[in-house]
Amino acid sequence: MRNQNIPEIFLNEAEPIPNLLIHDFKMTSDVVKSKVNLNLHLFSFLQSGSKQVHFSDNSVAVNPDQSVLLKKGNCLMTELLMDDQIYFCKLLFFSSQSLHDFLSKHGKLERTNTLTTDDYFTIKNDTYINTFVDSLNAIQKMKSKFASDLLQVKFEELLLYLLSLYGNSFELFLRTLVSNKEESSFKTIVETNSLSNLKLEEIAFLCNMSLSTFKRYFIKEFNESPGKWLKEKRLNRAKELLVEGLKPSEIYYDLGYNNLSNFSIAFKKQFEISPKEI
């Protein structure tokens, strides 16, 4: 699947990216680890289904009882239906400039270097959040030239409410979104995801690299091919988990193997003993 530039795919080709944008996203089939270039920050108000977002050094799982604020950048997005229903998510995109304007007007904290490293902030869907989502429906239906101005007011209202609810932790996260902090280093991203079930091309995407460029950087950094390095890391971790008492069927998928048979073959080749014998 090719990379998705969001929110551009929701706009007409000649339409400029606005500072604020509402979009209803619906699906009737599951999508697993879609490569997303998120070019605006995003509030995702999940209405039906489940979502998992994997960033370069962390991940978040969301259900319809939660909403999540996502930092712009590259990510892998999994969106699943529940009980064969439609997947539905109300999206509110906003630019760094919109957030900067808000913090200049309402921020309480002094400028600080103590910023968070998270790419997301989870929010409990309370009565206010549910009512807010309903109000976005009304704005979407408006034909008035004041609709964009009203959306700006609603955006400020939402952030003010979340500041009152979560306090300094939320403001620190907002300031992270508009900071010029350097991206995670190549080595950090690789090591963070070494024991995940991500494929090489997916880790390369999180590094914002093509697969060929990723392999060149990897060999330069680790003096070994990425496939061999990751295989050894994951199989060594598998051995540790088996010694701790876990079953092969409980660990193979999370360590990057599509089926138990392939895992068992690779494990026996590495350690000259089958996983079951551990």
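Residues numbered from 1 in each chain as written. Predicted model: local features only at pLDDT ≥ 70, side-chain atom pairs only at ≥ 80, totals over all residues. Heavy atoms only, no water.

Some details on the pairing of strand E6 (residues 59–62)
To be explicit about the condition: For every residue, the accessible area obtained with a 1.4 Å probe (protein chains only) is divided by the maximum for its type, and the residue is called buried under 20%, exposed over 50%, and partly exposed between those limits. Only DSSP runs of H or I reaching four residues or more are called helices, and only runs of E reaching two or more are called strands; each is numbered from the N terminus. The pairing criterion is simple: DSSP has to find at least two bridges between the two strands.
Along E6, the buried face is formed by Val-60 and Val-62; none of Ser-59 and Ala-61, which line the opposite face, is buried. The pairing of strand E5 (residues 50–54) with E6 spans four bridges and is antiparallel. For Val-53, the partnering residue across the bridge sits in E6 and is Val-60. Hairpin remark: E5 followed by E6, antiparallel, with four residues in the connecting loop.

Let's talk about the nonpolar core
Spelled out, the test is: Only buried residues count toward a nonpolar core, which is a set of Ala, Val, Leu, Ile, Met, Phe, Trp, Tyr and Cys residues joined through side-chain atoms within 4.5 Å. Contacts between residues were defined by any pair of non-hydrogen atoms, one from each residue, lying within 4.5 Å.
Ranked by size, the top nonpolar core spans 28 residues in total, and within it Phe-43, Phe-45, Leu-69, Leu-92, Leu-158 and Leu-174 carry the most contacts. Residue contacts for Leu-158: discarding those within four places in its chain leaves Phe-43, Phe-45, Leu-92, Tyr-128, Ile-129 and Phe-132. Grouped together as the second largest cluster of nonpolar side chains are 24 residues, Met-27, Leu-46, Val-68 and Cys-75 included.

Notes on a nonpolar patch on the surface
How we decide: The patch calculation keeps residues exceeding 30% relative accessible area without a salt bridge and links them within 9 Å when they carry like charges or within 5 Å when they are nonpolar (Val, Leu, Ile, Met, Phe, Trp, Tyr). For the accessible areas, the method is Shrake-Rupley and the probe is 1.4 Å, while residue cover comes only from the protein chains on display. Counted as salt bridges are all cases of a side-chain nitrogen of Lys or Arg within 4 Å of a carboxyl oxygen of Asp or Glu.
On the surface, Met-142, Leu-150 and Val-153 cluster together into a nonpolar patch covering about 230 Å² of accessible area. With respect to the helices, strands and loops of the structure, Leu-150 is situated in helix H3 (residues 147–166).

Regarding the packing of helix H1 (residues 96–106) against helix H4 (residues 168–177)
How we decide: To get an axis, a line is fitted to the C-alpha atoms, and for a helix only the part in contact is used. The angle between two axes follows their N-to-C directions and goes from 0 to 180 degrees. Our angle categories are set so that under 35 degrees counts as roughly parallel, over 145 as roughly antiparallel, 65 to 115 as roughly perpendicular, and the remainder as oblique. Two helices that cross are described as forming a left-handed crossing if the nearer one is turned anticlockwise from the farther one by less than a right angle, and a right-handed crossing if clockwise.
Axis separation between H1 and H4 bottoms out at 9 Å; the angle between their running directions is 135°. Put simply, H1 runs oblique to H4. As for the relative orientation of H1 and H4, their crossing is left-handed in sense. Residues Ser-96, Leu-99, Phe-102 and Leu-103 of H1 touch H4, and the partners they reach there are Glu-171, Leu-174, Arg-175 and Leu-177.

Quick word on the pairing of strand E4 (residues 41–48)
Burial within E4 is extensive, with seven of its eight residues counted as buried. Pairing of E4 with strand E7 (residues 66–70) involves four bridges; the strand directions are antiparallel. Bridge pairing in E7 places Leu-42 opposite Leu-70.

Regarding the state of the cysteines
As a reminder of what qualifies: Working definition: a disulfide is two cysteine sulfur atoms within 2.5 Å of each other.
According to the stated counting rule, one finds zero disulfides in the structure shown. No disulfide involves Cys-75; its nearest neighbouring cysteine sulfur is the one of Cys-89, lying 12 Å away. On the accessibility criterion, Cys-75 (0% relative accessible area) is buried. The thiol sulfur of Cys-207 is not disulfide-bonded, and the nearest other cysteine sulfur, from Cys-75, lies at 14 Å.

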